[in-house]
Every structure is written in C-alpha cells, then in structure tokens.
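Chain by chain, the residues:
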Amino acid sequence: MAPKKRKNGGDRLAEYRGRRDSGRTPEPVPDEKALPHGNDDTFVVQEHHATSLHWDLRLERDGVLVSWAVPKGLPWSPETNHLAVHTEDHPLEYATFEGEIPRGEYGGGKVTVWDRGTYETEKWSEREVKFVIHGSRVSGRYVLFQTRGKNWMIHRMDPPADPDAEPLPGTVLPMRPVEKARLPRDQHAWAFEFAWGGKRMAAYVEGGRTRFTDAKGRAVDGPGGLGSRLGAQLGVRRTVLDGELAVLDGRETYMIYDVLHLDGHPLLDVPYRERRERLDDLDLSGPLWQTAPWFPGDGGAVRDAARDQGLPGVVAKRLDSPYEPGEESGAWRFIASQQTRLSRPP
C-alpha cells in the first residue's frame, strides 16, 4: 500500500493493531480512537535486530508514522540507492520506542532509536516522497520512490555529509611478517601479538552485511552465522577488518587484529598503534569472533605465554608501521615460540 493521507473515517493503524498483542509486546498499541496529531515534521530511524538486521525509517504524516524497512540503512552517498520496503503505518508514540519484542511475536527482536529529529516535506505522492531530514547522526535531502508493490528505493539527493568518504575497497591483500629467530632489541618500539596458527581472512562489513576474502584475496565463506552476527554488531559502520580464523577451545573463532577501513576512510597509512586503538574502541566481541590482544613492549612474556598455550609463536609489529597490502614487510616479524622453526602465520 502506498503512503497516502488518512481518509475520513479510515483507521490508518488497523494493520498495525492486527499484528500485535498489547499483552505480549512492549510496543505501544493505542486503542482505535487514539490518533494523536503532531506537526507532520517528526522522523525517526530505528535499528531493528529482527530475523535479519535492518533499519526502520518512519516519517510523521497525518497522525501516524509512515514506515519503510531499509535493510542496509540510509545511503550515505548519492552514488548508491538502497532498498526500502514499505510497511504498515505506526502510531506516533512509536517514535520513542526502544525495547525487546518477544521472540515469536511479529518483528521479534531488539529495537533501538538510531536517530531522530525533524524533517521537511518537498513532495508527497503515492509513488514518490521527497524530504529533508535534520538528525544528530544523519541529515540531508532524500527521495523515496516506488518500484514495485511494497518495494521502494531510497536515494540521497545531495552530496554526502562527509565529502572525503570513500566506498569500501573490493579487496585488500594481507600484509605478511618476515620470519626472525629473535625478538627485536628495541622492544619499546614494538607491540606483540599471538600467532594463532589459523587461516588469514579479511572481513568487509557494510549495512550490517559481511563478506570475506582469504589470504589471496579470493571470496570465501565464514563459519555459519559469523557474517550476519558480526555485521549486526557493527550495524551501519563501514569497516574492513583483518584477522585469522583459528580454533580455540575446539571452536572456530575469528580473531581480529587490525582495522583497515572505517566509516568511509582508509587506515592503511595510519600507524599500527592508532589502528589498534581504533579497533579496541569498536569493542568487537561475540560468540564467533574476538578482538585479539596486543601487548606493547614486552615480547619475551608474550612468547613465553604463546609457548605455554601451544601457539606457534608471536608476531612483533612496529608501533609506527603503516599497513602494506600484499607485502612481506620487516615492520612485522614472526618469532617462533620454540627454538625449532615452526610454520609461520599466513
């Protein structure tokens, strides 16, 4: 059903009420007479962790929130259009709703307010809606246009808020360490990580979706559930991660130890220390992935711990080193945990 103004005597919220049981869901379910009116200028974007992560865009119109589910979020650039699926109108009270819709109920999952603010209507018809939004996380001029049935597209009409932002790269080949017999002498200039003995894998996350490439840049599948769950944690943040798929305690775990692109900006030339600090700030931790620890300055203790845990060794990384895609660089060094030479990381 295309968005239109409420007809006299029509119940714009009948479909909404029909899908929900007020005794089972924390969502607002007003009675049939409750239809508050605002100024037709409220918008909200809610992040909805349902069966699949998506974002719900809602625009106040004639006493209800006209709604679209946007699987990849609002496009940040006019170069890309995103699918927007028109859904049932929601009550105005929904603009402030946050909570957990019980499993088994319609739309079951966690809902949070991702952004809210005001908007101005430039055009509103059954097939096209042009508007300007003013939020704290996203602002700009957008158009929604119907393609077929409930399927619409959303397009950003003005330049991106961050004109220097770049799209995710298609592939980033991994930087590789050289093999050394001893730890660096100037350990204060280095940080040390465990060598996990796993399979090198880069993760490219955008719009809550994840794809992976291997050590040769070829597309590969991650373990079941890794891509969707990792994507859900990062949400709309556009990110390229570097790490290894290792076996820890009998379970495959993606150990993440670098971030190469974040929120539209390449980080290849940013020093390792700063990249690691930005990675730590992402607080990536889940059932199938972990942010790998790093230890500035004391390589001997890290190598001893690697030996005690049966790990192949440590990787020393200069704190000031950039990321050199596809290169074997002396700024990274693999040192075996035993005196005998073991297989170094990929």
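Read on for a plain summary of the structure.

Rules used throughout
- Residues numbered from 1 in each chain as written.
- Predicted model: local features only at pLDDT ≥ 70, side-chain atom pairs only at ≥ 80, totals over all residues.
- Heavy atoms only, no water.
- Buried < 20%, exposed > 50% of the residue type's maximum accessible area, 1.4 Å probe, protein only.
- Helix = DSSP H or I, 4+ residues; strand = E, 2+ residues; numbered from the N terminus.
- Phe/Tyr/Trp six-rings, centres within 6.5 Å; stacked < 30°, edge-to-face > 60°.
- Lys NZ or Arg CZ within 6 Å of the ring centre and 35° of its normal.
- Arc of directions from axis to C-beta.
- Salt bridge = Lys/Arg side-chain N within 4 Å of Asp/Glu carboxyl O.
- Pairing = 2+ DSSP bridges.
- Contact = heavy atoms within 4.5 Å.
- Axes fitted to C-alpha atoms, helices over the stretch in contact; angles between N-to-C directions.
- Core = buried A, V, L, I, M, F, W, Y, C linked by side-chain atoms within 4.5 Å.

### Some thoughts on helix H2 (residues 226-234)
Phase 1: Those residues of H2 lying buried are Leu 226, Gly 227, Leu 230, Gly 231, Ala 232 and Leu 234.
Phase 2: In the segment just after H2, Gly 235 is the residue with positive phi, at about 60°.

### Concerning the packing of aromatic side chains
Phase 1: Under the criterion given, the structure shown has 10 aromatic pairs.
Phase 2: Pairing Tyr 16 with Tyr 94 gives two aromatic rings, centres 6.0 Å apart and planes at 90°, and the pair type is edge-to-face. On the criterion of sequence distance, the pair formed by Tyr 16 in helix H1 (residues 14-18) and Tyr 94 in the loop between strand E4 (82-91) and strand E5 (99-101) is long-range, its members being 78 residues apart. Here the two residues Tyr 16 and Tyr 94 agree in accessibility, since each one is buried.
Phase 3: Considering the side-chain rings of Phe 212 and Tyr 254, the 6.2 Å spacing of their centres and the 85° angle between planes classify their relative orientation as edge-to-face. Of this pair, Phe 212 sits in strand E13 (residues 209-213) while Tyr 254 sits in strand E16 (residues 251-262); the two residues are 42 residues apart in sequence, bridging distant segments of the chain. By the burial criterion, Phe 212 is buried, and Tyr 254 matches it.
Phase 4: Put simply, the rings of Tyr 16, Tyr 94 and Phe 97 pair up and form one aromatic cluster.
Phase 5: In this structure, Arg 211 packs its charged tip against the face of Tyr 204, placed 4.1 Å from the ring centre.
Phase 6: Over the ring of Trp 332 we find Lys 317; its NZ or CZ atom is 3.9 Å from the centre of that ring.

### Overview of helix H3 (residues 272-282)
Phase 1: Of the residues making up H3, those classed as buried are Tyr 272, Arg 275, Arg 276, Leu 279 and Leu 282. Viewed end-on, H3 has its buried residues packed into an arc of 110°, placing them on one side of the element.
Phase 2: After H3 finishes, the residue Asp 283 shows a positive phi value of roughly 55°.

### Focus: unusual backbone geometry
Phase 1: The residue Asp 249 is not glycine, and still its phi comes out positive at about 50°.
Phase 2: Topologically, Asp 249 is positioned in the loop between strand E15 (239-248) and E16.
Phase 3: Positive phi values are uncommon outside glycine, yet Asp 283 reaches one of about 55°.
Phase 4: Position of Asp 283 among the secondary structure elements: in the loop between H3 and strand E18 (289-291).
Phase 5: The exposure class assigned to Asp 283 is exposed, which follows from its relative accessible area of 57%.

### Side note on the pattern of salt bridges
Close approach of charged atoms lets side chains of opposite charge pair.
Phase 1: Counted under the stated rule, the structure contains 21 salt bridges.
Phase 2: As a salt-bridge pair, Glu 274 and Arg 278 come within 2.7 Å of each other at their nearest N and O atoms. One end of the pair, Glu 274, and the other, Arg 278, are both in helix H3, four residues apart, so they sit about a helical turn from each other.
Phase 3: For Arg 278, a relative accessible area of 30% corresponds to the partly exposed category.
Phase 4: Among the ionic contacts, a cluster of salt bridges with common partners joins Glu 15, Arg 19, Arg 20, Glu 27 and Glu 88.

### Structural notes on the sheet that holds strand E19 (residues 295-296)
Phase 1: Sheet architecture is open: five strands sit in the order E10-E21-E20-E11-E19, paired in mixed fashion. Taken across any chain shown, the strands that pair with only one partner, and hence form the sheet edges, are strand E10 (176-180) and E19.
Phase 2: By the bridge criterion, five bridges tie strand E20 (residues 313-318) to strand E21 (residues 328-336) in an arrangement that is antiparallel. Paired with Lys 317 across the bridge in E21 is Trp 332.
Phase 3: The strands touched by H3 are strand E11 (190-195), E20 and E21; relative to E11, the strand with the most contacts, the crossing angle is about 55°.
Phase 4: Most of the contacts of helix H4 (residues 299-308) go to E11, to which it runs at about 5°, and overall it touches E11, E19, E20 and E21.

### Side note on the nonpolar core
Phase 1: Core analysis: the largest hydrophobic core is formed by 35 residues, its most contacted members being Leu 57, Leu 59, Trp 68, Phe 131, Leu 144 and Ile 154.
Phase 2: Every element with two or more residues in this core is listed here: strand E1 (42-49), strand E2 (53-61), strand E3 (64-70), strand E6 (109-124), strand E7 (128-135), strand E8 (139-148) and strand E9 (151-156).
Phase 3: Among the nonpolar cores identified, the runner-up in size contains 20 residues, and Val 205, Leu 262, Val 270 and Leu 284 belong to it.

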